[in-house]
Amino acid sequence: MTHLLINYYEAASVILFGIGFMNLLLQNNLIKKFIGLNIMDTAVYLFLAAQGYITNRVAPILTHGIVDADYYINPVPAGLVLTGIVVSVSVTAFSLALVQRLYKHYGTLNMDEIMRLSREREGE
Amino acid sequence: MHKKNTFLQKLKAWVNGEDTLLHADEYIAKRKQPQPKQWLRSPSVEKIKSNRALYSFLCVLVAMVFITIMMVVVSELPTFGNASNPGNNEVMERYLEKGIEETGAINFVAGMILDYRAFDTFGESNVLFLAVICVLMLLRRDSKNISAAEEKEIAEDEALDAVDHKSILQVGAKYLSPVIILYGIYVILNGHLSPGGGFSGGSIVGGGLILYAAAFGHQSVQRFLNFRTFTWISVGCLLTYFACKSYSFFTGANHVGYTIPKGIPGHILSAGFILPLNICVGLIVACTMYGFYALFTKGDI
């Protein structure tokens, strides 16, 4: 339990991830579902950034001409977060485009309604 | 079939096989289809979803179980901010100690993502380009996927848009968008010297373009960025990136014979290929961001 309080960044990111997941399950509106997905993405960035941090060290950009691995924080998670952001932007844009097409076709954003309408049309 | 009373009639019927046929007909009509036994009835999603309270309760339960499992894992993770964590290994040491010597970039992250791991970044640029192409396929408006009612609606919108003065937005955009775009270019060009780089600078430039398009209409941006130039810039930048980073593969992996001058670390013209690669990535990202905006609002770049 005390370890959770020390690792509070990771704990907060896990809670954020759970909130996003719950949003994904509970919301019927498709756009709100993708907001939940983006909350989950943000939780992952927070987790990665927390993993790279080292206490009392500076950002990985040359300062005062010091070339020493014990002076800077870990630069690897920064690159991974960048990859995550790019993929998240692409996935969000693509899914919102699909949602727009669905809205044009069915006239609603409600997930259950869309499922019902598509089943009715299939049954015809 | 008439009733067979005498023995002879019955025998005749038996010889002709009428009896069996009759019974076969009856049997076929009456028999029950053998049904596969459903030992485990699968719970139907609709049935659970129709009970809103139960569904919400189950969702919260699943999420809580999920959070609990991950919390247990987090409580076993190494301490936050500890220098001896397993993630801070020799890879990080190599990047930080040899980074300036091998890549020439002062920003270690830029040196990492555009030199050591440049193919990863190439993949990211491709993902962005693919995303914008997919959105284009889904949302492009042309004569095939647009109805007369929609066309009328769009024409009405455009007429209203032309009448609307938008004075505050236009004055704001007039003074702000050049500054924003200039700042984005600064971030791109200083990617190897300061925080920033192609992705962040490209998004800033894209934001400036979006502001300009929102204030002055798409036509004003289309003067210099239509679909043709968009394709040329994106594909050209991807191919330039590919050509630049293939160099070290053509001359043998691990940068054998890698003789691109590194320059003096800290100067703007230094760090080998990192500056041109940053420019390529920045152009792709700026085009992509503006492309998303244009496709979602107008259905065309």
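Residues numbered from 1 in each chain as written. Chains lettered and ligands numbered in written order. Predicted model: local features only at pLDDT ≥ 70, side-chain atom pairs only at ≥ 80, totals over all residues. Heavy atoms only, no water.

S.K.: Any chance you could explain the pattern of salt bridges here in plain terms?
M.R.: Opposite charge on two side chains permits them to pair, given that their charged atoms come into close proximity. Residue and element names in this part refer to chain A. Going through the model one piece at a time under the given rule, you end up with 2 salt bridges over all chains. Between Arg116 and Glu120 there is a salt bridge, with the nearest N and O atoms lying 2.8 Å from each other. Placement of the pair is Arg116 and Glu120 together in helix α5 (residues 111-123), with a separation of 4 residues, close to one helical turn. Residue Arg116 is classed as partly exposed on the basis of its relative accessible area of 39%. Classification of Glu120 by relative accessible area gives partly exposed; the value is 44%. (Salt bridge = Lys/Arg side-chain N within 4 Å of Asp/Glu carboxyl O. Helix = DSSP H or I, 4+ residues; strand = E, 2+ residues; numbered from the N terminus. Buried < 20%, exposed > 50% of the residue type's maximum accessible area, 1.4 Å probe, protein only.)

S.K.: Please explain helix α6 (residues 108-116) of chain B as it appears in this structure.
M.R.: Because an α-helix packs 3.6 residues into every turn, residues spaced three or four apart end up facing the same way. Within α6(B), 8 of the 9 residues are buried, leaving the element largely enclosed by the surrounding structure. All of the buried residues in α6(B) are Phe108(B), Val109(B), Ala110(B), Gly111(B), Met112(B), Ile113(B), Leu114(B) and Asp115(B).

S.K.: Can you walk me through the packing of aromatic side chains in this structure?
M.R.: Ring pairs (aromatic) are described by centroid distance and by the angle formed between their planes. Residues and elements named next belong to chain B. Tallying each qualifying case throughout the model produces 14 aromatic pairs over all chains. Measuring from centroid to centroid gives 6.3 Å for Phe119 and Phe122, while their planes differ by 80°, and the two rings are edge-to-face. Of the two residues, Phe119 and Phe122 are both situated in helix α7 (residues 118-139); the distance of 3 residues between them amounts to about one turn of the helix. Overall, Phe122 belongs to the buried group, its relative accessible area being 15%. (Phe/Tyr/Trp six-rings, centres within 6.5 Å; stacked < 30°, edge-to-face > 60°.)

S.K.: Can you walk me through the nonpolar core in this structure?
M.R.: Note on soluble globular proteins: their nonpolar side chains tend to be buried together. In this structure, Val135(B), Tyr241(B) and Tyr290(B) are the most contacted members of the largest nonpolar core, which totals 44 residues. Elements supplying a minimum of two residues to this core: α4 (76-106) of chain A together with α6, α7, α10 (198-216), α12 (227-250) and α13 (274-297) of chain B. The greatest single-element share of this core, amounting to 11 residues, is contributed by α13(B). What Tyr290(B) contacts, discounting residues up to four positions off in sequence, is Leu209(B), Ile210(B), Ala213(B), His218(B), Val221(B) and Leu225(B). (Core = buried A, V, L, I, M, F, W, Y, C linked by side-chain atoms within 4.5 Å. Contact = heavy atoms within 4.5 Å.)

S.K.: Explain the interface of chain B and chain A here, please?
M.R.: Quoted interface sizes are often the accessible area lost when the parts come together. Tallying the contact residues gives 57 residues for chain B and 52 residues for chain A. Linking chain B with chain A are 0 salt bridges, by the criterion used here. Linking chain B to chain A there are 9 residue pairs in polar contact (both at pLDDT 80 or more). Every element with two or more residues in the side of chain B that touches chain A is listed here: α3 (45-50), α4 (52-76), α5 (90-103), α6, α7 and α13 of chain B. (Polar contact = N/O pair within 3.5 Å; in protein donor to acceptor, adjacent residues only side chain to side chain.)

S.K.: When you look at the confidence of the model for chain A in this model, what are you seeing that I'm missing?
M.R.: Low-pLDDT portions of the prediction should not be read for the details of their coordinates. Averaged over every residue, the pLDDT of chain A is 87; residues scoring 70 or more account for 99%. For chain A, per-element mean pLDDT is lowest for helix α1 (residues 2-6) of chain A, which scores 79, and highest for helix α3 (residues 30-52) of chain A, which scores 91. (pLDDT = per-residue confidence, 0-100.)

S.K.: Looking at this model, I keep getting lost on α10(B). Mind explaining?
M.R.: All names here are of chain B. The end-to-end C-alpha separation of α10 is 26 Å, in line with the 27 Å expected for 19 residues at 1.5 Å each. Here α10 has its buried residues at Gly198, Phe199, Gly201, Gly202, Val205, Gly206, Gly208, Leu209, Ala213 and Ala215. The first or second residue beyond α10 is Gly217, which carries a positive phi of 90°. (Expected span 1.5 Å × (residues − 1).)

S.K.: What am I meant to see in the packing of α3(A) against α4(A) here?
M.R.: The relative placement of two packed helices is expressed as an angle between their axes plus a distance between the axes. Residues and elements named next belong to chain A. Look at α3 against α4: their axes get within 10 Å of each other, and the N-to-C directions meet at 180°. Between α3 and α4, the angle falls in the class roughly antiparallel. On α4, the residues touching Leu30, Ile31, Phe34, Leu37, Asn38, Asp41, Tyr45, Leu48, Ala49 and Gly52 of α3 are Pro77, Leu80, Val81, Gly84, Ile85, Ser88, Val91, Thr92, Ser95, Leu96, Val99 and Leu102. Residues that form the contact of α3 with α4 fall into these classes: 15 nonpolar, 6 polar and 1 charged. (Axes fitted to C-alpha atoms, helices over the stretch in contact; angles between N-to-C directions. Parallel < 35°, antiparallel > 145°, perpendicular 65-115°, else oblique. Nonpolar A, V, L, I, M, F, W, Y, C, P; charged D, E, K, R; others polar.)

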